[in-house]
Each structure stands twice: as C-alpha cells, then as structure tokens.
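Next come the chains, spelled out residue by residue.
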Amino acid sequence: MAAPLAPGGFEFAIDRGGTFTDVFARCPGGRVRVLKLLSEDPAYRDAPTEGIRRVLQEELGVPLPRDQPLDASGIRWIRMGTTVATNALLQRRGERAALAVTRGFRHLLHIGTQARPQLFDLEVAMPEVLYEEVIEVDERLIPEQPDCHLCPRRWPGHEQQVGALAQSLGFAQVSLSSAVAGMARAVPRGLTACADAYLSPGVRRYLRGFCQGFRHGLRGVQVLFMRSDGGLTPMDTFGGARAILSGPAAGVVGYARTTFDPQDGTPVIGFDMGGTSTDVSRYAGEFEHVFEATTAGVAIQSPQLHISTVAAGGGSRLFFRSGLYVVGPESAGAHPGPACYRKGGPLTVTDANLVLGRLLPEFFPRIFGPGEDQPLCRDTAAAALSVEEVALGFIRVANEAMCRPIRALTEARGHEAARHVLACFGGAGGQHACAIARTLGMARVFIHRHSGLLSALGLALADAVQEEQEPCALPYGPGAFPRLEERLRELERRCRDGLRAQGFEPEQIRTEPFLHLRYEGTDCALMVSARGHPAHPGSCAAGDFLAAFTARYRQEFGFTMPGRAVLVDDLRVRGTGSTEPVPETPLGPRGHPPRPETGGYRDTPVFLLGELGSDHVLSPGVPPGCVATVTRFGDINIAVGAGPAAARDTRLEPVRLSVFSHRFMSIAEQMGRALQRSAVSTNIKERLDFSCALFGPDGGLVSNAPHIPVHLGAMQEAVQFQIRNLGPELREGDVILSNHPRAGGSHLPDLTVITPVFWPGQPRPVFFVASRGHHADVGGCSPGSMPPHSQSLAQEGATFVSFKLVTNGEFQEQAVTEALLAPGAVPGCSGTRNLRDNLADLRAQVAANQKGIGLVRELIEQHGLEVVQAYMGHVQANAELAVRDTLRAVAARWGTSLAAEDTMDDGTPIRLRVVPPPSPQGSAVFDFGGTGPEVLGNCNTPRAITLSALIYCLRCLVGHDIPLNQGCLAPVQVRIPPGSILDPSPEAAVVGGNVLTSQRVVDVVLRAFGACAASQGCMNNVTFGSARGGYYETVAGGAGAGPGWAGRSGVHTHMTNTRITDPEILELRYPVVLRRFELRAGSGGAGRHRGGDGVIRELQFREPTQLSVLSERRATRPYGMAGGLPGAPGLNLLLRRDGRLINLGGKSSVSVEPGDIFRLLTPGGGGFGPPEDGGDPQGPPEPPDPQDLWRGSAFEFRQAQEAL
C-alpha cells in the first residue's frame, strides 16, 4: 500500500448502488476507464465482477466468458462500496439469529423507543426485530451507587461469558454489544449487536462469492471495502453494522477531496441523487460523524458519516393525488426501473427528465430492454406523461422536496444554506442541481467531470481507517487529565499497530483523539476533537477539548451552560493511513468555441464534456441566468444567477400548489429546528416536545409539521382566540403568551407563543406564526405540573390568557416571572420550580417565531403577498377536498348516520353521532350531544383538544399525506355541548383531559367509522420526584387490530407518541432500577386479527420518592370490533418491601421507600373479527416501506418530532 502506483496493473474502484454499479478503473499506463451498469440484471450474477470483466475484456482484447473465473494476476487493487448489508437489512434477508438478554427484558428491542414511525398509520406497520429466539439470562449488576446498567458497556464480564459459551456450542457468528457498540443506551446498542450478527454472515458470503469470480480467489490482490465512517478496511474485517452506509460514504469522500478548497474554506453540500434515493451531506474541512442513526427501522450505534438519505431519486414514482403533484417515496427500483427502461416500469422522475430533453437517449448507455442492448425509450415516457408541462411540474415538485433535507442539515445546526457550494453528483443530480441551488440561495454549483460515478472515484481517493473507542465516566477537569491521557495513548497505539499491520509506514499514519462530551444533566453529547484548540497548562495534553466543546455547542445550539460540569462519556481515536492520490490530467485550451451537439426545447445546446477545454464558457448550455465554466481539470463550475421572476398569478395551478405546500411546511419545520437549537430544557431540546405552525390572517392553520397530534387543532384555536380577544391591540413588535384552556390551550405546561406577521401597507397582520412547547414545570400542587388529583385549574400551575410576552420588541421578563411564580399564592401550591429554564425556553420560542417571520417575508418578497395568500387558501382547499372525498366514501359505505359511545373509568359517557348527508358535497356533522357533564377531577378536555383529536382521525381515515391545516375541518361541523367533559367551564382542571380523555375521543370517532378496534386508550402517565430531581414518562400499550392487520404490541398510539427514556439513561440519572420491561402476553383482545399486547414495566426505588400515576382504562376495556374481543384493562400495583401488594387505582399519588416496586401493566388493544375465524395467518414478509430509505439527521429530526 505504501509503494508508488505501478504502471503495469489495473486498479478498480467500484460503487455498487441500489440502481447502478459504477466502475472507475485505472489501466496500465495510467489511462482511466469508467463504466456504468445495472446493479441487478438477470444477465449476470454480480455487477462489480461484470464491470471488471468488461474493462479487462476491452483493454486486453480477448473474450472473457461470464461463466469463467477472471484472471486477477494483472490487478493491483480493488476498492469497493456495496449495498449488500443495506439491502439485506431493508429486505430482511439476513442470517437467522438469537438474542441473549437480561431476564425481564426479552421484548426490550421489540418495544424499542415505543414510538411508531408513521404518525397517522392505524396499522402501526413497523419492521420486525432481527432475531427469532430470545434467551433470558439470570444476571444483573447493581452497584451500590445509583449508576446501574442493563448491559455491560462498562462491565463486559457477563456478556463475554455468554459469548464464549455460544462459541463453544458452535455458533460461527457471536456479536457482543460491548464490543460492537460500546456507547451508552441499551436499546440502540442491542439493536446494533443484532444487526451485526444478522448481517455479517451474509456479507462474508458475498465476499466469498465475489472472490470466487476470480482465479485463486483474488490471492495477492489488495481488496479494500468502504465502511460507513468513510474509511477503507481490509476485506477480512469488513462486515456487519459498519457496512450499512458503505456506498454513500464513498460519495462523501469523493466530493470532499475534489470540491472543497482549503484555501477559501467555503463549506460544501454534497448532493448525490441516484436512481433510488438522494444522499445529502456537508463537508467543511473535516468529516462529520454521527454515532447513532436509524436505517430500515433499526437504530445503528456505530461511527457513520453524517448523511441524510431521502427516498427521492431518479426512480421515484410520480402520482397525481387529490389535486397535488406527488413525487415518491415509492421507487421503481433497478428492475423493472422507470418506464423508459423498456421493462414495463412505472412513471418516474427519470421519465420526466427524458420527456423534457434533459436526458438524451443517444448519450445514455444502451443497457435497457430484455436484451440489455437498447437505448432509453422516450416514446414510452411521453405517452404516459402526455405533455411536457406536466413533466416539468413533477420536476419542480421533486426539487422542492429535495431542498428540505438540505435545510435540515444546515439550518438545524446553525449553518446558512446559502453560504455553501453545492457539489452535485450521482446519475440523476445534474438535471436538478441549478434549480435546487437557486431555491436555496446558493451562488455556485460544482460538477466533477466524473460526477456520474463520484462515489467510485471517492473509493480511489479514500484513506484506510482504524478506529478504537472505549467508554468513560469521568468529569472533564484537571483531576481526570492523567487518566484521559493514559487511555488516549493506549487507543492511539492500537490504531497505529492496526495500520502498520496493513502495510502502512509510520510517516503515512495520522491519528486524532476525540472525547464524547456533554453537559451534566443533559443527553446531548458531542464527539469533539481538539483540532484548532492547542493544549495549554490548564488543559489535557492532547488539546483543549473543553474550548472545542464549548465552541461547537454554541455553533450548533446558540448558547452554552457556564458553570455546568462537563462529563466524558467515551474516548475515541481515529487513525488514518494515507494512500497516494489519483493524479489528475489538466486540460489545455481548445482555441475555438465549444461545439453544441444537439438542440433542445429551449434551443439549449448540449456539449460533449470530452470536447471541452479550460477556456470554454457555457452560458447557453445551462439554465437561464446561470453561467458555466470549465476548470483546468475538466470539471464544471456553474455560477447560479437569480433566474426568471416568479409569476404573480393567483389562479390555482397544480404544480405551484404542490410547491407552495412544500414551502409552507418547510417554514414550520425550520421554526422547529430553530426552537430545538436555542432551547435549554430537556423537554424541548432533547425530547422535542413542541410544535410550530403557520397561520393565515384569520388564524386558520396553514401548515403544522406533524409533531404532536394533540396540538393539531388546538394551536389554531389559540391563535383565533387572540385575534378575537386583542383585535386592533395586536401591533408589530408584540408577542403573545397563552396557555389557558379557554384560549385554545391544551394543558398548562404547554405554553404557546404567538407572533403576528405584518407587511408594509397592511394595517392588520397578514400571517401569524406560533410555537407551543411543553415546559417541565409551571407551578401548581405537584412537581411537573401533572397532578393526578387536581380539581381546579388553579392547582395545575400558572395561567396566561393574552399575556404580552414582548411589547414593542422588549421581552417582559419581570412581568412573566411574577406570573410564573403566582401559583405559590394558592394554598398547597408552588410557583414554577424551574424559572431559569422557563425563561430560556420562552426566549427560544420567541426566536423560533422570528425565524418563521423571516421565512414568510422571504416568500412574500419572492412571489408577492397576493399570490402567497391566494395559495394559502388553495392549500387549505386541497386538504378540504381530500377530507370531502373521504366523507363521501364513508357515506357510500355506511349510509347517512354513524354513532358510537364509550365511557371513562368513572362512567362518564362520550357520545358521538356522525351525520354525512347524502348530498355530493362530502360534508358531515360531528355531534357529541349526550356526552357526560364536566367532572370534579382533571379529565375535562378543552374544546381545542377535541378538535385536535378529530383532525387526527380524519387524517388517518384519508390514508395518504395531505396538508394538515384548517381545510381538514372545513367540511365538518362540530357540536359539543357546553359544560360537558369536552367543553368544561373555564376554571375546570384539565391536565388529564389532554393526556387521557383525548385518547377516548379518538376511540369514539374511529369506532363510529368502523376503522379499527380500540387501542390502549391511555398514555399511562408516571411521575416521581426525590431530592435528585423529578422524572415523567408515558408508557406504551397495545394497538387495536383492524380489518387487515393485527394490533402492534408495546407501542404508543393515537394522540401521543412519546419516546421512552432508555433503561441505561434512566438508571444513570434517577434513583431507580428498571427491573422489568416486556410485553404483557395475552392482554390483546382475541379475534381474527388479535389486538396488540400491553407492556409490564417495573421500577424499583432506591430513595424515598413521591410517585404519581395518572391513567385510564383501568375499569373499562378497549373495545373489539366486528366480533373481536376487547383488550385487557390496565393495572397499577405497588409492591411494598415488606411484601404487601397494593392496587393504586387509575389515579393516585403515594410516598414510596427504598426497595418498593411499582408494577405497571398497560392495557392491550381490541381484536378485530370473530376469534373462531382462525386468527392471523402467517403470510410472506411485507416488502420494505419506502420510508425505510430515510436515514440520517433529517430523518432523525423528523422521527423525533413525530415521536411525541
């Protein structure tokens, strides 16, 4: 590896992607050959081997039959990136596996975070676990201090004993979580170990099969594979969990080495648009890694390049749905592929580009059709699309969709997208790059001359990497420096030894130490190096990691926490062995203008890259307003101009409707990222318990990123109340704070900050923006402001109706402080117990609203106020159309009247009649007449919460994505009797209504429509507090079965989707031991399709603590449907250390002592269909959900937001 490049050998860098396999080959003498072929084709067994065969055959001039092994004697090295592991994970085609886990946690990985991936999917379709059998092990380590861990991240002895036993029994693959993923959090570490065991045998089989395609099995040939972290590794160490992002990682290396200029330091956004998906990443001088990400529903805890992948590529399918142009997420794949591939495939983005003349069949490989020898077929695509305007519309919608992950990757981390270069590569990226750069405000696009196979080139340019990592539990400070330095030196030694074993000389090896740091009391850890922060007498000898951590934290989150201790979670050293770069041959000037090859619809000439020289400027060959120049190495630099002015037409046009729908949603999403970035509290910053939304001048909801179902309609009610209540008193520079139920509030901890958006020449607000965040405490009679026995609103905390938080641009800190402390005047109550976090998060909400205002004004400047407001109405009307279609279908199926009833545990009935008239309008009246009166406890539900539940149900019934806005309720008239439990008096207690009664409203609505059996109907709210602080969680149960599915077990349903704290983090932070967390077998209702099972969760307390439980479905059972049986009710038990077993009931607060155990049994879901029908058959596994292609930071943010 250290020797100079030999002129007499072939060198192959091959990227096997989901649709195409790209081959970059250096032939003897230095000539470069490139090749692209389909990754899956019946004509050959393995695409990389076929690529090598074709190059050797053409270069050597001798026939090389496909059925004969290749002679590898003339090959110096092969470097590969492959999707073998990714495909096995997506398609669930890995090795059969068994899981050994601590007794009491057999279902821990099935439950996972307890959040469902698709918020509005009643089926709750989720990927199944990767193991078939579970072996429970009687072991547990509980140190004297409350720092207990389920799995031996720090104490691997028990795990190693089990591993040795498994190997002695003949298991060829044994993956230990402590070795595969040595970081905190039991669930992702367990999932990573399962993925490693599940994938590694298959990867090894593929490698053996690949070697068998060559004589002597590639003996003597250096074969390296790309890992997810961007480093090459020898073939014998490649596999498992670190192979999943092999291909995308090579693309990041490719553009980082060819686009980034260290001299000017302009950061680069990588835009890799392939056939199946699009990868987006960022490079600013060093590779950015994440250490936990989700792929195909499995959380992988290992170093990975920070790549966001969305299911939108050249193969993304095109649909016209409810008046909207829709692109993806479904994909045509490599086989049959797009319609133009001549194999009977569906209409895709590639077909649209072909129809528009952006792809020329004569310059595309002739690899299509049954014989793999035909060009792309434009006639097939054109016949399906019919007109070019339709194709262009789909392209515009696809571009807008792909801008959203780029905004997520930049804005969410404090970077401005416009200050980046867009590095475009991948087979489909060139047709979209300029439009995307223009939308994002970027001034330059860079297209490498090998952009169509830059991932393959990245393999040729990559370094070999050796990483070593180990856990740590030390505070960062002088007392820990000697130990940190000792362990870092040991990790460095291991890295150097590993690279020397691969043939690297000492001068080729570089190492860099990292510390995984976080502020005490937070979950947000950053892996930082001390690069740019040299050591000094007060720092660690390896560098000033504290300064590096502080600078990075401020950059990403906008603030630091002075005085807060910094903890070291892990130590890591990354060693790289540098390989020699592939030399580039500069171009000379041609001395004549570039020659256009052919013409297009806009008389746009097409130039052959091979005929261009470094003196050529291509103004007419790129989109209007852009100018392209050829660099000295034959790459293309494009200066992106402003482009044509946006049309100022207010008439409805389907393409612009789709684009505006994306833009409105993007405003809500970017507000959310700004709030998460600048908030301080765990609830908002780490659990993402918030919502942000955009509203029209009448307060009607325009866009609300689907964060929390319980906020969907309530936010609109809050804004419209302020318009009615304040009217002309709303002025520019004012910001309103509200949480009162009569003002559209949900419950008091949810503080809503509302800001009007003004525009010059308009006397009233033209839009409103609002953010609602759950504050950990706003006072009241119990810590956490979630009392189980409150009987009045005053006992639940501070209230705000129309409080001016900001007046004339000034934050009213003294006034809001007084208001937050005011509950202390109520007997038995306290003011807020966390004023500092309240104030910091309120400022963050104000800042998030200001971000939204800036984005709204930018949109108005681009399109004009009249157009933006017109399309606001069009987008709302589109949602109305989708709901009307659904109601018409319901009327046709069920007739003109539907009714349902259910009861709370105290016997209070909730009744509903749905009356869709037989007229074609598709409207309906939802009449809750007959619902029981307001109750003395806190299960009263503000009217706004009922509307939120209704919007949620309607969206579920529609069955596909629609804008979540005011239009959803336009066809609906809602009648709620005043004074009932669903519209109580202004001072009634409501904390339980938000988290319990809202679930019962959903049960009643879905029952009326016959959609599915009842889910657990509860959020199982558990709170405990002690001298160490307080803790709050909601716990999963069983989902209801439906006409075609069994209910999911151990998952959150309907109006909540809160992630549960990982067992290791729970035990690390709080004085409890999690004794048991598993499914409650048999609690789901029987039926043709069974209801999902609830869970059993046991907490053992280690300190005197006050325990509070707020729950429902303890007396009533979740109903079955169509003859299915109901699910089991829940049960709350307290096992005293003296042996007494006490039923706590549904709502209680009790003092517990060390050794006491709280046992929570959550309800199961109802069954569907008569049990005697035979139960659920075991059918073939479902194909992977297209959403499983999402991964990376944009995916994680979206999932976290939907998971509350």
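Residues take numbers from 1 onward in each chain, read along the sequence in its written order. Confidence filtering applies because this is a predicted model: local features only for residues at pLDDT of at least 70, side-chain atom pairs given and counted only at 80 or more, and all residues used for totals across whole chains, interfaces and linings. Hydrogen atoms and water are omitted, and side-chain values are computed over all heavy atoms in the structure.

*Asks:* What should I look at first to understand the overall build of the chain in this one?
*Replies:* Check the secondary structure of the chain and you find 24 helices and 46 strands. The contact criterion used throughout is that any non-hydrogen atoms of two residues lie within 4.5 Å. Here the analysis covers contacts within the chain between residues at least 6 apart in sequence; of these, 71% occur between residues at least 24 apart. The accessible surface values rely on the Shrake-Rupley method and a 1.4 Å probe; as for residues, cover is taken only from the protein chains in view. In the structure as shown, the chain presents an accessible area of about 43200 Å², 52% of it carried by carbon and sulfur atoms. Numbered from the N terminus, helices here are DSSP runs of H or I no shorter than four residues, and strands are runs of E no shorter than two.

*Asks:* Honestly, the sheet that holds strand E36 (residues 924-927) in this entry has me stumped. Any pointers?
*Replies:* The strands that make up a sheet pair up through hydrogen bonds in the backbone, lying either parallel or antiparallel. Strand pairing is assigned whenever DSSP detects at least two bridges linking the two strands. Overall, mixed pairing links the four strands, which are arranged E34-E35-E36-E37 in an open sheet. Strand pairing shows two members of the sheet lacking a second neighbour, strand E34 (898-903) and strand E37 (972-975), which therefore form its edges. Each adjacent strand pair in this sheet contributes to an overall mean axis angle of 15 degrees, direction not counted. Two elements, E34 and strand E35 (residues 909-915), share six bridges in a ladder whose sense is antiparallel. Considered in E35, the bridge of Asp-902 is made with Ile-910. Against the sheet, helix H21 (residues 943-958) makes contact with E36 and E37, and its axis sits at roughly 145 degrees relative to E37, the strand it touches most. Across the face of the sheet, helix H22 (residues 991-1009) comes into contact with E34, E35 and E36 while running at roughly 145 degrees to E34. Only the stretch in contact is used when a helix axis is fitted, and all axes are lines through C-alpha atoms; the angle between N-to-C directions ranges over 0 to 180 degrees.

*Asks:* Got a minute to help me understand the pairing of strand E27 (residues 690-695) in this structure?
*Replies:* Two faces make up the sheet, and in a regular strand the side chains alternate between them. Counting buried positions over the six residues of E27 gives six, a clear majority of the element. Examined bridge by bridge, E27 and strand E31 (residues 767-774) share six bridges and lie antiparallel to one another. Bridge pairing links Ala-693 to Ala-770 in E31. Bridge count between E27 and strand E28 (residues 701-704): three bridges; the pairing is antiparallel. For each residue, the accessible area found with a 1.4 Å probe, counting protein chains only, is set against the maximum for its type, and the residue is called buried under 20%, exposed over 50%, and partly exposed in between.

*Asks:* How should unusual backbone geometry be read in this particular structure?
*Replies:* Across residues other than glycine, the phi torsion is negative in most instances, and most of the peptide bonds are trans. Within the chain, His-216 stands out as a residue other than glycine whose phi angle is a positive 65 degrees. Looking at the secondary structure, you find His-216 in the loop between helix H6 (186-212) and strand E7 (222-226). Given the relative accessible area of 60%, His-216 is considered exposed. Within the chain, Asn-808 stands out as a residue other than glycine whose phi angle is a positive 50 degrees. On the basis of relative accessibility, which here comes to 62%, the residue Asn-808 falls in the exposed class.

*Asks:* Explanation requested: a nonpolar patch on the surface in the structure shown.
*Replies:* Each patch is built from residues that are more than 30% exposed by relative accessible area and take part in no salt bridge. Like charges join if they lie within 9 Å; nonpolar side chains (Val, Leu, Ile, Met, Phe, Trp, Tyr) join within 5 Å. Here a salt bridge means any side-chain nitrogen of Lys or Arg lying within 4 Å of a carboxyl oxygen belonging to Asp or Glu. Taken together, the side chains of Leu-165, Leu-169 and Phe-171 make up a nonpolar region of the molecular surface, amounting to roughly 350 Å² of accessible area. When you line up the elements, Phe-171 lands in the loop between helix H4 (157-168) and helix H5 (177-180).

*Asks:* What is the right way to read the packing of helix H15 (residues 654-678) against helix H19 (residues 835-863) from this model?
*Replies:* At their nearest, the axes of H15 and H19 sit 8 Å apart, and the two run at 155 degrees to each other. One element, H15, and the other, H19, form an angle in the roughly antiparallel class. Crossing geometry of H15 relative to H19 is assigned as right-handed. Across the interface between the two elements, Arg-656, Phe-660, Arg-663, Phe-664, Ile-667, Gln-670, Met-671, Ala-674, Leu-675 and Ser-678 of H15 pack against Ala-844, Gln-845, Ala-848, Asn-849, Lys-851, Gly-852, Leu-855, Val-856, Glu-858, Leu-859, Gln-862 and His-863 of H19. A class-by-class count of the residues in the contact of H15 with H19 yields 11 nonpolar, seven polar and four charged. Put simply, angles under 35 degrees are roughly parallel, angles over 145 are roughly antiparallel, angles from 65 to 115 are roughly perpendicular, and the rest are oblique. Crossing handedness follows the turn of the near helix against the far one: under a right angle anticlockwise gives a left-handed crossing, and clockwise gives a right-handed one. Residue type decides the class: Asp, Glu, Lys and Arg count as charged, Ala, Val, Leu, Ile, Met, Phe, Trp, Tyr, Cys and Pro as nonpolar, and the leftover types, Gly among them, as polar.

*Asks:* What should I look at first to understand the pattern of salt bridges in this one?
*Replies:* For side chains of opposite charge, pairing can occur when their charged atoms come near one another. Evaluated as defined, the whole model comprises 56 salt bridges. Arg-33 is the salt-bridge partner of Glu-59, the closest N and O atoms lying 2.7 Å from each other. Taken together, the residues Glu-59 in helix H1 (residues 47-60) and Arg-33 in strand E3 (residues 32-38) connect sequence positions 26 residues apart. Owing to a relative accessible area of 24%, Glu-59 belongs among the partly exposed residues under this scheme. On the basis of relative accessibility, which here comes to 18%, the residue Arg-33 falls in the buried class. Taking the shortest distance from any N to any O, the salt bridge between Arg-483 and Glu-486 comes out at 3.6 Å. Within this pair, Arg-483 and its partner Glu-486 are both found in helix H13 (residues 481-501), separated by three residues, close to a single helical turn.

*Asks:* For this particular structure, what's the right way to read the sheet that holds E31?
*Replies:* Spatially, the seven strands line up as an open sheet ordered E28-E27-E31-E30-E29-E32-E33, and their pairing is antiparallel. In this open sheet, the two edge strands, each paired with only one partner strand, are E28 and strand E33 (810-811). Sheet contacts for H15: E27, E28 and E31; angle to E27, the most-contacted strand, approximately 140 degrees.

*Asks:* Explain the nonpolar core to me, please; I cannot follow it from the model alone.
*Replies:* Among soluble globular proteins, nonpolar side chains are generally buried collectively. In terms of nonpolar packing, the biggest core is built from 83 residues, with Phe-12, Ile-52, Ile-75, Ile-78, Leu-218, Phe-1077 and Leu-1107 touching the most fellow members. Among the elements that line this core, the one with the most residues is H6, at 12 residues. Where each domain begins and ends follows an automated or database-derived domain assignment. Counting contributing residues, this core receives three or more from each of domain 1 (10-89 + 206-242) and domain 2 (263-309 + 403-461). Every residue in contact with Ile-75, bar those within four places of it in the chain, is listed here: Phe-10, Phe-12, Ile-52, Leu-56, Phe-214 and Val-221. Residue types Ala, Val, Leu, Ile, Met, Phe, Trp, Tyr and Cys, when buried and joined through side-chain atoms within 4.5 Å, form a set referred to as a nonpolar core. Core analysis: the next-biggest nonpolar cluster, separate from the first, contains 67 residues, Ile-976, Val-1001, Leu-1006 and Phe-1009 among them.

*Asks:* Can you walk me through the confidence of the model for the chain in this structure?
*Replies:* Any segment with low pLDDT has predicted coordinates that should not be analysed in fine detail. Mean pLDDT over the chain: 83, with 85% of residues reaching 70 or higher. pLDDT runs from 0 to 100 and stands for how confident the predictor is about each residue. Per-element averaging of pLDDT across the chain places helix H24 (residues 1192-1202) at the bottom with 44 and strand E46 (residues 1157-1161) at the top with 98. Considering only residues more than four positions removed or in separate chains, one finds that residues 1-7, a stretch of pLDDT under 50, has 24 contacts. Predicted confidence for residues 594-601 stays below pLDDT 50, and this span has 25 contacts to residues more than four positions away or in other chains.

*Asks:* Whenever I open this one, the pairing of strand E2 (residues 20-26) confuses me. Can you help?
*Replies:* Most of E2 is tucked away: seven of the seven residues are buried. The alternating pattern of E2 places Phe-20, Asp-22, Phe-24 and Arg-26 on one face and Thr-21, Val-23 and Ala-25 on the opposite face, and all of these are buried. Strand direction decides the pairing type here: strand E1 (residues 10-16) and E2, joined by six bridges, are antiparallel. Its bridge partner being in E2, Asp-15 is matched across the sheet by Asp-22. Where E1 hands over to E2, the hairpin turn is made up of three residues, counted between the paired strands. The sheet contact formed by E2 and E3 spans seven bridges and is antiparallel.

*Asks:* Sorry if this is basic, but what is going on with the environment of His-420 here?
*Replies:* Within the secondary structure, His-420 is located in the loop between helix H10 (388-411) and strand E18 (421-425). His-420 sits 22 residues away from Met-442 along the chain, and the two C-alpha atoms are 6.3 Å apart. A distance of 2.9 Å separates the side chain of His-420 from the side chain of Arg-282, its partner in a polar contact. Polar contacts here mean pairs of N or O atoms no more than 3.5 Å apart (in protein, one a potential hydrogen donor and the other a potential acceptor; neighbouring residues in sequence count only if both atoms are side-chain atoms).

*Asks:* Would you take a moment to explain the side chain of Ser-200 for this structure?
*Replies:* Among the secondary structure elements, Ser-200 is positioned in helix H6. For Ser-200, the side chain forms a polar contact with the main-chain oxygen of Asp-196, separated by 2.7 Å. A polar atom in the side chain of Ser-200 sits 3.3 Å from the backbone nitrogen of Gly-240. Once you skip the residues sitting within four places of it in the chain, Ser-200 turns out to touch Gln-173, Ala-195, Gly-239 and Gly-240.

*Asks:* Mind showing me how you'd approach the environment of Phe-320 here?
*Replies:* Here Phe-320 shows up in strand E16 (residues 316-321). With relative accessibility at 53%, the residue Phe-320 sits in the exposed group. Placed 334 residues apart in sequence, Phe-320 and Pro-654 show a C-alpha to C-alpha distance of 9.3 Å. When near neighbours in sequence (up to four residues on either side) are disregarded, Phe-320 contacts Tyr-325 and Pro-654.

*Asks:* Help me understand the packing of aromatic side chains in this model?
*Replies:* Any two aromatic rings considered together are summarised by their centre-to-centre distance and by the angle between their planes. Any pair of Phe, Tyr and Trp rings, taking the six-membered ring for Trp, is counted once the centres come within 6.5 Å. Such a pair is stacked with planes under 30 degrees apart, edge-to-face with planes over 60 apart, and tilted for the rest. Scanning the entire structure with this criterion turns up 20 aromatic pairs. An angle of 10 degrees between the planes, with centres 4.8 Å apart, marks the rings of Phe-660 and Tyr-871 as stacked. Pair noted here: Phe-660 is in helix H15 and Tyr-871 is in helix H20 (residues 865-894), with a separation of 211 residues, a long-range link. With centroids separated by 4.8 Å and ring planes inclined at 50 degrees, the aromatic side chains of Tyr-1031 and Tyr-1070 adopt a geometry described as tilted.

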